[in-house]
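If you want the building blocks of each chain, they are given just below.
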Amino acid sequence: MPRFAPARVSLVLLVVLVLLVVFVVLVELVVLDLLVVLGVFAVYVVLVRRIQAAV
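This structure is a prediction, so every number in the text was calculated from the model and none was measured.

## Focus: the overall build of the protein chain
Thought 1: When its secondary structure is counted, the protein chain shows 1 helix and 0 strands.
Thought 2: Here the C-alpha radius of gyration of the protein chain, 24 Å, is well above what a compact globule of 55 residues would show, namely 10 Å.
Thought 3: In terms of principal-axis extent, the alpha carbons of the protein chain reach across some 80 × 5 × 5 Å.
Thought 4: Burial analysis of the protein chain (55 residues in total) assigns 0% to the buried set.

In structure tokens, the structure reads:
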């Protein structure tokens, strides 16, 4: 049994690393989506204000 301990530990570390990478990628995607939404919202607000000012 002791022979398999290092392999099991490395497997656990590998799984943890994969989960961390997936988590980081998901967080970055969510942040990018939020930034895009905020940018579109800002452009929309600017356009609406310009249209109101023109009217």
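## Brief notes about the environment of Val36
Thought 1: Take Val36: it is sitting in helix α1 (residues 5-54).
Thought 2: With 30 residues separating them in the primary sequence, Val36 and Pro6 have C-alpha atoms 45 Å apart.

The rules we used
Residues numbered from 1 in each chain as written. Predicted model: local features only at pLDDT ≥ 70, side-chain atom pairs only at ≥ 80, totals over all residues. Heavy atoms only, no water. Helix = DSSP H or I, 4+ residues; strand = E, 2+ residues; numbered from the N terminus. Rg over C-alpha atoms; globule rule 2.2 N^0.38 Å. Buried < 20%, exposed > 50% of the residue type's maximum accessible area, 1.4 Å probe, protein only.

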